[in-house]
Amino acid sequence: MSLEVAHYVVTAYPPGGILCATKCNFLEESTQLLVIAKSQRLEFRSITNQETESSSHIVLSLPINGRITNLIPVKLPQLETSLLFFMTETFHYAVIGSAPGQTPYPVQTLASGHVHPSLLGQRAEGAPRVAYHPHAMAMHLYDGFLTLVPIHASSYQVVWDHATKKGEGRLFSSQQQLMGEPYHLRLEETHLLDLKFVENYYSHGSEKDSQQIALLHQDARGSQHVVVYTLRNRQLSLCWKKQRLDGASCKLLSLPPPTSAFASTTSEVKAEQKHQETGSIVVLGQRQITHLIPGKQSRVIALPQSLILTSCPLSDGRFLLGDEFGQLHVLTVTSQDMSLDTLGSSVLASALVYLHPNFIFCGSQLGDSQLLQLNVNSSSTNNIMDEESNSTPLSLLQEYTNLGPILDMDWVETTPQQHSVVTASGSSFSGSLRLVRNGIGMKEFASVGLPGIQQMFNLRANYQDWHDTYLVQSYVTETRILGVLTANNNEDTIMQDTEEEEEGATLEEVVLQGLDPTSSSLYVGNVEEGNLVLQITPRQVLLIDVVGGRGCVSTWVSETDIAVAAANEAGQIVMALRGGILMYLKIWPERQEIKLIGKTHLTSEVSCLNVNPFSNKSLSAETAMETDRHRDLAESSSIVTVGLWDDFTVRVLKLDAELNQILEIHLSNDEEGESEMGLSENILNTTPANRRNRNNMMARSLCLVTLDSATTSNINHNGTTTALNSVGVDMLFVGLGDGTLISFSVITGDDGLVSVQSKKEVSLGTQRIQLVPLETERGGTCVLATGDRPTVIYLAGSGGGGSTSGARHTYTPKLCYSNVNVSSSNPASEEDPNLEPQQLTERSIAVNVATPFVSPQLFEDSTSSSNQSNNSASKHYSLCVSDDAVLRLGVIDDIQKLHVTTCRLGMAPRRVVHYERLFCVGCIESGIASSSDDEANMGNCVRFLDDATLDDVERIDMEPHEMILSMAGVQLTTSSVDSSSSNSTTLPTTESFLVVGTAYVLPDEDEPTSGRILVFSSCVDPHHASLRQEVKLVTELQVRGGVYSICQFYDGLLLVTVNSKTRVCRLISEGSSHRIEFLGVGHHGHILSLMVKSRAQKQAPKAQLDTSQSNKMDDATPTKKKKKAIAVKEEEQLAIVGDLMRSISLVQYYPDHKALEEVARDFHSNWTTAVEMLTDSLYLGAENWNNLYILRRNAKATSEEIKCRLDTVGQFHLGESVNKFISGSLTMAQTSSASSSTSSSSAITRRGSPSKMSGKESSSLPSSTSSSSLRVRRPVVKIGSQTLFASVDGTLGSILGLDARTAAFFTTMERAMAKHVTPVGNLSHSEFRTFSAERRIHPAQGFVDGDLVESFLDMDRNTMRVIVQAMNRDGGWDIEQHDPNKKLEHEDESADLESSHAQQQQQLLTVEDVVAMVEEMTMLH
């Protein structure tokens, strides 16, 4: 196997934990946005409030080079919009403002800085504490110091460059910086809990330069005090203080002085108002709330014992509070009184934001965030709660999925080809199981055995209807129709009014007058003009009046058989007759007849046609929800696409009487021209021998469609955001006979000329593909590709926009491909009742033909919102699919790459394992249980849930004080002793078991001194007809310590870590009972062995590349195969142990001696949180400073000193704490073809194709140079190990091993992007990714930042070009090794120069090459 020289780290599912949140008018003065910080991203959301639905939509998402800890809106008097201040955990800060004209991010950095730790002592505990004043930012970053950053708000000048109107362009200051240099003031109070500026009003100008700041601190005895200082001329002076507050005070609230204090201005009362001009402070404690008013007695109110976690201001002295139990309270503070009212329960909030009108955003790190609405009493604006009504004050509007904190995860086999991940997420009562799967699920509502369906079409009873009424099936010799019948109507009555109250319905066979049932149908569809139905058979074209009941109103009979036909709702018909004759017909609405428009002869027989028009409408996520439920007028198409048999091209013809060819697109790479220039007349002449040898390269299905993202998720897997105003992208999809899908973006010029660009080629299986466009009432459009692996193609965004006009031709489509899996809602109705329940619940099927079919009577979920209001449109895609024997009707999920299914547990999960069709979860009971000795004890239990229904099967409670530390599903080899034989022969058998490791956590012990290893087995209970599984305890083993980790080991053995020891265990059967015992000598010498991993476990799911491609990293030479076979024969039984402080150690088990010995270790001190064996010599680790590192074993070293050392070959700052690694990938084997995965510019040289060059440039090239010799040589993506990681913030990420060429390419690209892309806040990318742990600081090495690399797809075209030019100047992407002994022979010196010039051109990259490489990586995770 080739060496993995680097590893690609990328986000597969973005973090969901909310660190902080605020609100501000960032983009427009009139639009208030919700600003959310999620780990390393800023999200700006707009709240929409409608009668039928209220929700939030992402309008902007920004990557930040740092983990965000603070968000504060900043308002300047010179600007109508607000600025945003943010700080990271490394004490980098910045102020950003909206700048719509900026690229690649529409923001401008107005100020940035870094508080360096030099000479400031110890870092303060917890996140940075920041307080905002219009003239300064106060921060507590280091113990004993107060850091202040001046804000020059009044003197800051704002200038707009290249602005056509105010608010457009880039803003900057021509004189002074917005924020000055930070300075530090020493404090006597070392341990600050919170700080706030006191709101003051001054009547004397000399006092305006001073500010008062309140500090809540804790002394060495644990008592809390409040001290208020006056800040003037960079010095602090004591103003007043309050000592010994509530023992658990943690937060401060600042109140302005009462307005009555300024009612009088006479000199006699000014002295009395001296204290009243100063605002007051509210201290939030665990048992009481204290209102501190200078010069007056403090007010105190009691509250139920709870810790206030977060707060936000409402208005008029009211504050919203969230406590540790998820309760929301409203604190009302007046000059005379103080009260606390409870609103209700919500998620455990880490951030609260009150949004007008009456919305509350509850952001959480421990569960799903929520958007709530307050039910306000309209008669009184001062009361939030409606006291006269018994209605609940809070109502849930929307939930935002958060997988974090992920404590554990395991693989779940969804289908034989695809796996999902189950995670143990959340804490306390927010604990849950999350099933994360790749692909799109189709919920099956009905299925019936109908073999032999060739094609299917959907029909509406009326053109203006959104809902379908008829399903037309075409067979070899006949056409059948199924109609939607209501339950209370007779069999002959078809449902006509789809707007009436929805009832249950059935799909039964009907007869439509005028439709020819005796012939197969090539096309059946609605026609707008005259509200007619069009049917095309192999002999004739029929025009039918279904609504009027007149039957067939017009017929056009063909002279010869019709081979292929296509039409659209505008009445345009294109047919291909035998012999390559193409005919264009059109329906004339006045006479309701079919008229021949044009006719032409093609060189070959036609294999497929498509005449779908491109859409001219564009919908935003908000306007899509408000769309009226009527169908737009049918749009006409100006072109028709034609695929030919025995031809490797797709022809584009103009739809007119001449049917002239305007574009010829070559599908074979050997005949591709320059993509951006179009693929028409610039194709290079090649011989058939130069074509790719591929029998099924001909087009078998075509689809012209305008893709938009109106109903897709606003944010994709790696956090990049689509535009809110969804501009559609015109696309051409070509399905080949071998399961390959080729896509192009189509450019239509003002002169009517058509060209294509951005070619992408993806393998979706082995069967031929039929392309079916799907559309919803809200305007979302996607494409279903049938085959043995049906796939939905949708638009996840678009990059390369060179202008702000929104023109489609300026965009490069960012496509996503998601597999479709079928989930049955009624397993009893399946054709094979012997299938296992899991297979019935989620499985992959082959699809031959499909059609969209929208019917709220048949699919309840398809228009769930329409049950609430007739004006609410459907947002789901419903369809009918058929394979060789079965017709299925169902609804597919929301369009997004990863889908999450949630199972609420009501308790905190610690460990999760998928074992024998069960989810086994080790949980902590949400509450305190009392043991027999009356001591408090957290109840632990193991819950078993059915993996299909998520119902509880069984629960096993642990003993008092016993905590579950580890859990694993393993295959153990049981040695049973035959007692009847005198020689006691051993008969080994292998069975599957669940092993649980526990520890007894006693209050008087620092480390557990006892624990248990429990072995469970699962079997089907024969006494229950439902085949309910039964879990039983097989055996247990008492150990001296806590069992921190368990893993599968070689030869059916078990590897466990007990405190600082690592032991090997085996299971022995003695008759009907079992016992588990330690085997041989274990390994000692760790501080605390927290985790152990080996490669003996079952093969994990991986997204392998196509074996026909040269993408494998394994060598195939016979010599190396022989060596590999010998190595397997003498395989070392290795495992790695992650220690609490001593990083990773490598241990080896010797079966002959039954001994486990350490053979190598990492001598650095890493506080390990997760480990994984990538290969036998590469080991991955994560540590508590949010870093990743790679260790390599030197097994072939000659020195014993080097052999016993694990070298660090990779270091990378991830920015999130990783709890778990598992080997494998969520994706299926679906990647671009190695030989044709490039964009259509694979033939481009540095200056364009020869046919596009000027005469001078062309003459400089040798005449003998063929087109293939000038092709760009870009690396082929090769990956090795694949690892999935889970973080505390809820992130799922992938780590992919790269070979030397692939690593060199992406490392060069990363360098170019970090240098030429200005980051948000001017925060350095290289500094952010630097490995930093205590005093160890090392630049990142051996890793590639996949999130940065894949953001290339969202860049504008000019930025893309700059990055690619930087990569070409760098040259580090091409490390192909040339044979030093190979000498070039030239006839003369001029030929040598010409060859050298051609070779230089061959080594240059283009934008399309880089895009193709990045897109290949996006499909691998």
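Here is what the cut-offs are and how they apply
- Residues numbered from 1 in each chain as written.
- Predicted model: local features only at pLDDT ≥ 70, side-chain atom pairs only at ≥ 80, totals over all residues.
- Heavy atoms only, no water.
- Helix = DSSP H or I, 4+ residues; strand = E, 2+ residues; numbered from the N terminus.
- Contact = heavy atoms within 4.5 Å.
- Areas by Shrake-Rupley, 256 points an atom, 1.4 Å probe, with all protein chains shown as cover.
- Pairing = 2+ DSSP bridges.
- Axes fitted to C-alpha atoms, helices over the stretch in contact; angles between N-to-C directions.
- Core = buried A, V, L, I, M, F, W, Y, C linked by side-chain atoms within 4.5 Å.
- Buried < 20%, exposed > 50% of the residue type's maximum accessible area, 1.4 Å probe, protein only.
- Phe/Tyr/Trp six-rings, centres within 6.5 Å; stacked < 30°, edge-to-face > 60°.
- Lys NZ or Arg CZ within 6 Å of the ring centre and 35° of its normal.
- Parallel < 35°, antiparallel > 145°, perpendicular 65-115°, else oblique.
- Nonpolar A, V, L, I, M, F, W, Y, C, P; charged D, E, K, R; others polar.
- Salt bridge = Lys/Arg side-chain N within 4 Å of Asp/Glu carboxyl O.
- Expected span 1.5 Å × (residues − 1).
- pLDDT = per-residue confidence, 0-100.
- Left-handed = near helix turned anticlockwise from the far one by under 90°.

## Concerning the overall build of the protein chain
At step 1: What the protein chain contains, in helices and strands, is 11 helices and 89 strands.
At step 2: Intrachain contacts of the protein chain at a sequence separation of at least 6 include 61% that bridge at least 24 residues.
At step 3: Here the protein chain displays about 58,500 Å² of accessible surface, and carbon together with sulfur accounts for 47% of that area.

## Here's the deal with the sheet that holds strand β21 (residues 280-284)
At step 1: What the four strands build is an open sheet, ordered β20-β21-β22-β23; its pairing is antiparallel. Edge positions in the open sheet fall to β20 (251-255) and β23 (299-302), since each of these has one partner strand only. When the angles between neighbouring strand axes are averaged without regard to direction, this sheet yields 20 degrees.
At step 2: Taken together, the four bridges between strand β22 (residues 288-292) and β23 define a ladder with antiparallel strand orientation. Within β23, the position partnered with T290 by the bridge is V300.

## Looking at the nonpolar core
At step 1: Counting residues in each nonpolar core, the largest one holds 56 residues, and the members touching the most others are L42, F44, F1306 and M1309.
At step 2: Excluding residues within four positions of it along the chain, M1309 makes contact with V1349, F1352, M1367, V1410 and V1414.

## Description of the pairing of strand β49 (residues 639-644)
Taken residue by residue, a regular strand's side chains alternate between the two faces of the sheet.
At step 1: Where burial is concerned, most of β49 is hidden: six out of the six residues are buried.
At step 2: Residue alternation in β49 divides its side chains into two sets, I639, T641 and G643 and V640, V642 and L644, and both sets are buried.
At step 3: Across four bridges, strand β48 (residues 606-610) lies against β49 in antiparallel orientation. Bridge assignment links N610 to a residue of β49, and that residue is T641.
At step 4: Two strands pair when backbone bridges link them, and β49 and strand β50 (residues 649-654) are joined in this way by five bridges, in the antiparallel orientation. Directly across from V642, in β50, lies its bridge partner R651.

## Notes on the packing of aromatic side chains
At step 1: Within the structure shown, the criterion is met by 12 aromatic pairs.
At step 2: Judged by centre distance (5.4 Å) and plane angle (35 degrees), the ring pair of F1212 and F1343 falls under tilted. Here F1343 lies in strand β89 (residues 1343-1345) and F1212 lies in strand β83 (residues 1206-1213), a separation of 131 residues in the sequence. The residues F1212 and F1343 share a single accessibility class, namely buried.
At step 3: Taken together through their ring pairs, the aromatic side chains of Y8, F1305, F1306 and W1373 make up a single cluster.
At step 4: Over the face of the ring belonging to Y475 we find R480, whose NZ or CZ atom lies 4.9 Å from the ring centre.
At step 5: Here the guanidinium or amino end of R1063 rests over the ring plane of F1078, the centre of that ring lying 4.4 Å away.

## Focus on the packing of helix α9 (residues 1357-1370) against helix α11 (residues 1407-1418)
At step 1: It is at 9 Å that the axes of α9 and α11 come closest, and there the two elements cross at 90 degrees. When the axis of α9 is compared with that of α11, the two are roughly perpendicular. Contact residues: R1357, M1360, R1361, V1364 and M1367 in α9; V1407, E1408, V1410 and V1411 in α11.
At step 2: Within the contact of α9 with α11, the residues separate by chemical class into six nonpolar, no polar and three charged.

## Quick look at the sheet that holds strand β41 (residues 532-536)
At step 1: Reading across from one edge, β40-β41-β42-β43 is the order of the four strands in this open sheet, with antiparallel pairing throughout. If you trace the sheet from one side to the other, it starts and ends with β40 (523-527) and β43 (551-557), each paired once. Strand-to-strand, the axes of this sheet are offset by a mean angle of 20 degrees, without reference to chain direction.
At step 2: One ladder, built from six bridges, connects strand β42 (residues 540-545) with β43; its direction is antiparallel. Pairing of L543 across the sheet is with S554, part of β43.

## Side note on the pairing of strand β44 (residues 562-567)
At step 1: Among the six residues in β44, five count as buried, and that is most of the element.
At step 2: Both β44 and strand β45 (residues 572-577) contribute to a ladder of five bridges, which runs antiparallel. Bridge pairing in β45 links A565 to M575.
At step 3: Remark: four residues form the turn of the hairpin made by β44 and β45, two consecutive strands paired antiparallel; G571 in that turn has positive phi of roughly 90 degrees.

## So, the pattern of salt bridges
At step 1: One pass over the structure, following the stated rule, counts 34 salt bridges.
At step 2: The residue D561 makes a salt bridge to R539 at a minimum N-O spacing of 2.8 Å. One end of the pair, D561, is in the loop between β43 and β44; the other, R539, is in the loop between β41 and β42, with 22 residues separating them in the sequence.
At step 3: A relative accessible area of 41% means that R539 is categorised as partly exposed.
At step 4: The salt bridge involving R1193 is made with E1132; its shortest N-O contact spans 2.9 Å. One end of the pair, R1193, is in strand β82 (residues 1187-1193); the other, E1132, is in the loop between α3 (1118-1129) and β77 (1133-1139), with 61 residues separating them in the sequence.
At step 5: Note on R1193: relative accessible area 15%, which makes it buried.
At step 6: Judged by relative accessible area, E1132 falls into the partly exposed class, the value being 32%.
At step 7: Three or more residues joined by partner-sharing salt bridges are found here, namely D368, E399, R434 and R904.

## Structural notes on unusual backbone geometry
At step 1: Going from T103 to P104, the amide bond is cis rather than trans, its omega being 0 degrees.
At step 2: Mapped onto the fold, P104 is located in the loop between β8 (92-98) and β9 (107-114).
At step 3: Going from G404 to P405, the amide bond is cis rather than trans, its omega being -10 degrees.
At step 4: Along the chain, P405 falls in the loop between β31 (394-400) and β32 (406-415).
At step 5: Unlike most non-glycine residues, R917 shows phi in positive territory, near 65 degrees.

## Details of α11
At step 1: For α11, built from 12 residues, the straight-helix expectation of 16 Å at 1.5 Å per residue is met to within 8% by its first-to-last C-alpha distance of 17 Å.
At step 2: Counting buried residues in α11 gives 12 out of 12 residues, a clear majority hidden from the surface.
At step 3: For α11, the full list of buried residues reads V1407, E1408, D1409, V1410, V1411, A1412, M1413, V1414, E1415, E1416, M1417 and T1418.

## What about helix α6 (residues 1300-1316)?
At step 1: Across its 17 residues, α6 extends 24 Å between first and last C-alpha, which sits within 8% of the 24 Å expected from 1.5 Å per residue.
At step 2: Residues of α6 that are buried include every one of T1302, A1303, A1304, F1305, F1306, T1308, M1309, E1310, A1312 and M1313, and no others.

## Points about the environment of S311
At step 1: Examined against the element boundaries, S311 turns out to sit in strand β24 (residues 308-313).
At step 2: Taking the C-alpha atoms as reference points, S311 and L352, separated by 41 residues in sequence, lie 6.0 Å from one another.
At step 3: Residue contacts for S311: discarding those within four places in its chain leaves L253, L320, L321 and L352.

## Some points on the confidence of the model for the protein chain
Regions with low pLDDT carry predicted coordinates that are not meant to be interpreted in detail.
At step 1: Counting all residues, the mean pLDDT for the protein chain is 79, and 75% of those residues have values of 70 or more.
At step 2: Low pLDDT, under 50, characterises residues 260-269; the stretch is placed with eight contacts to residues that sit more than four places away or in other chains.
At step 3: Considering only residues more than four positions removed or in separate chains, one finds that residues 1230-1272, a stretch of pLDDT under 50, has 112 contacts.

## What to know about the side chain of S82
At step 1: Its place among the elements puts S82 in the loop between β6 (68-74) and β7 (83-88).
At step 2: When near neighbours in sequence (up to four residues on either side) are disregarded, S82 contacts C24, N25, F26, V74 and K75.

## Observations concerning the packing of α6 against α11
At step 1: At a minimum axis distance of 12 Å, the contact between α6 and α11 shows a crossing angle of 110 degrees. Relative to α11, α6 is oriented roughly perpendicular. Taken as a pair, α6 and α11 cross one another with a handedness that is left-handed. Where α6 approaches α11, its residues F1305, F1306 and M1309 are matched on the opposing element by V1410, M1413, V1414 and M1417.
At step 2: Here the residues of the contact of α6 with α11 are counted per class, giving seven nonpolar, no polar and no charged.

## Considering the environment of L84
At step 1: Assignment of secondary structure puts L84 in strand β7.
At step 2: Setting aside anything within four residues of it in sequence, one finds L84 in contact with T22, F26, V35, L42, F44, L71, I72, P73, A94, V95 and I96.

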